[in-house]
Amino acid sequence: MALTGLIAAVPGEISAQDGPVERFGEIVTTGRYVLRWGMQQGQKFSVEAVQEMVTEIEGPLGKSGKMPSALTVQQDWEVTESDESSLTLAQTFRKLKLETTIPGAGNFIVVVPGPEPESLIAKQIHANLSELIGRQLRLQMDRLGQVKKFEFLELPVTAEAPEANQFLTQENLKNAVGQMVQFPKSTRAIGETWGTSTKSPQPNGTAEVKTEFTLLETLPDHPRWIKISVAPKLTLSVKDDAVTVDDQSSEGHIVYDDELALVRETYLKQSLTFTVKGENGGKRTIESTMRMKIEPITEKSNDPSR
């Protein structure tokens, strides 16, 4: 896409770090940044989100083989409503690719839109994924990135085979495209941090993720782009310690465009080992990588004659 005109700073323009200047109701002084989702009504974006995961189970009979899976989601985003404090995104599915391993059934690669596979299970997966193409999710959030509502505008048909439909649940899609980076209310400078905390219900308990963000540096090729480190940590509170976290690690970053006021890229690599008690319990290790890229769509980039 032709983004040069959007990315390049206008000569003589006052950048955020050359304050004081007012942005989003905040006075931004020299060397500080006010971080917001600044998208406005009518703007459109091309988005690709990729989730890769490898699961390994160690039970009474030993370790299982590693079970890899990967889901790629391509969407168009359009800001349908916005005001000073909030905005609404319509997220339209354009293309999906699933690579997965189903125990006892084998490995499958399914792409939609695309030709229908031959195996029965892959056909079912293909049919379920095809239900999403052209459908829209609506995400409402404030300028800090706190999601207020996330829903299908029209629910897809529920598949009969649960193993083929598990990646189509709204909760799984929320993990892929329904979470936004949450920013602090006050300004930050390079080297400064902020934190967020989110809780979600689990069977007989809760899971809490505390994440620390740190402004690391501006990028040499894009002085108005800021690299931000991301360090999440999971804490489980489950009745009778039925599930306990044994080990975890993570590394990740965000690239924030201070000129357009939006996140351009996210990356997070995590490893989590936990123990499940009970007859069918054992140790589970999950290694995952999540990536997302957001690019503005311009009239020029949509016009093939240019």
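Refer to the structure presented above.
Heads up: these notes are all about the structure in this document. Per-chain numbering applies: the sequence of each chain, read as written, is numbered from 1 onward. For this predicted model, a pLDDT threshold of at least 70 governs which residues receive local features, and a threshold of 80 or more governs which side-chain atom pairs are given and counted, while totals over whole chains, interfaces and linings are taken from all residues. Side-chain figures throughout are based on the complete set of non-hydrogen atoms in the structure, without hydrogens or water.

1. Quick look at the pairing of strand β10 (residues 147-152)
Phase 1: For two strands to pair, DSSP has to find at least two bridges joining them. A run of H or I in DSSP counts as a helix once it spans at least four residues, and a run of E counts as a strand once it spans at least two, with each numbered from the N terminus. Pairing of strand β9 (residues 136-142) with β10, which is carried by five bridges, proceeds in the antiparallel orientation. Its bridge partner lying in β10, Met141 is registered against Val147.
Phase 2: Hairpin geometry of β9 and β10 is characterised by an intervening segment of four residues between the two adjacent antiparallel strands and by a positive phi of about 95° at Gly145.

2. Things to note about the nonpolar core
Phase 1: Take the buried Ala, Val, Leu, Ile, Met, Phe, Trp, Tyr and Cys residues and link them wherever side-chain atoms come within 4.5 Å; each set so joined is a nonpolar core. Partly exposed describes any residue whose relative accessible area lies between the buried limit of under 20% and the exposed limit of over 50%, with all areas from a 1.4 Å probe on protein chains only and scaled to the type maximum. With 46 residues, the main nonpolar core has Trp37, Met39 and Phe183 as its most contacted residues.
Phase 2: The element that contributes the greatest number of residues to this core is strand β7 (residues 86-102), accounting for six residues.
Phase 3: Should any heavy atoms of two residues lie within 4.5 Å, those residues are considered in contact. Once residues within four sequence positions are removed from consideration, Phe183 is found in contact with Leu35, Arg36, Trp37, Arg143, Leu144, Trp194, Tyr256 and Val263.

3. Some words on the packing of aromatic side chains
Centre-to-centre distance and the angle between the planes together describe a pair of aromatic rings.
Phase 1: By convention, a stacked pair of Phe, Tyr or Trp rings (six-membered ring in the case of Trp) has centres within 6.5 Å and planes under 30 degrees apart, an edge-to-face pair has planes over 60 apart, and any other such pair is tilted. All told, the structure shown has four aromatic pairs when counted by the stated rule.
Phase 2: Judged by centre distance (6.1 Å) and plane angle (40°), the rings of Trp37 and Phe183 are tilted. Here Trp37, found in the loop between β3 (32-33) and β4 (44-59), pairs with Phe183, found in the loop between α4 (170-177) and β11 (188-189); they are 146 residues apart in sequence, far enough to count as distant.
Phase 3: Looking at Phe183, the relative accessible area reads 5%, which means it is buried.
Phase 4: Taken together, a centroid distance of 4.9 Å and an interplanar angle of 10° make the contact between Trp194 and Phe213 stacked.

4. Description of the pairing of β7
Phase 1: In terms of strand pairing, strand β6 (residues 67-82) meets β7 through 13 bridges, oriented antiparallel. Paired with Gln75 across the bridge in β7 is Phe93.
Phase 2: Where β7 and β9 come together, seven bridges link them in antiparallel fashion. Counted as the bridge partner of Gln91 is Leu137 from β9.
Phase 3: With seven bridges connecting them, β7 and strand β8 (residues 106-112) associate as antiparallel partners. If you follow Thr101 over to β8, its bridge partner there is Asn107.

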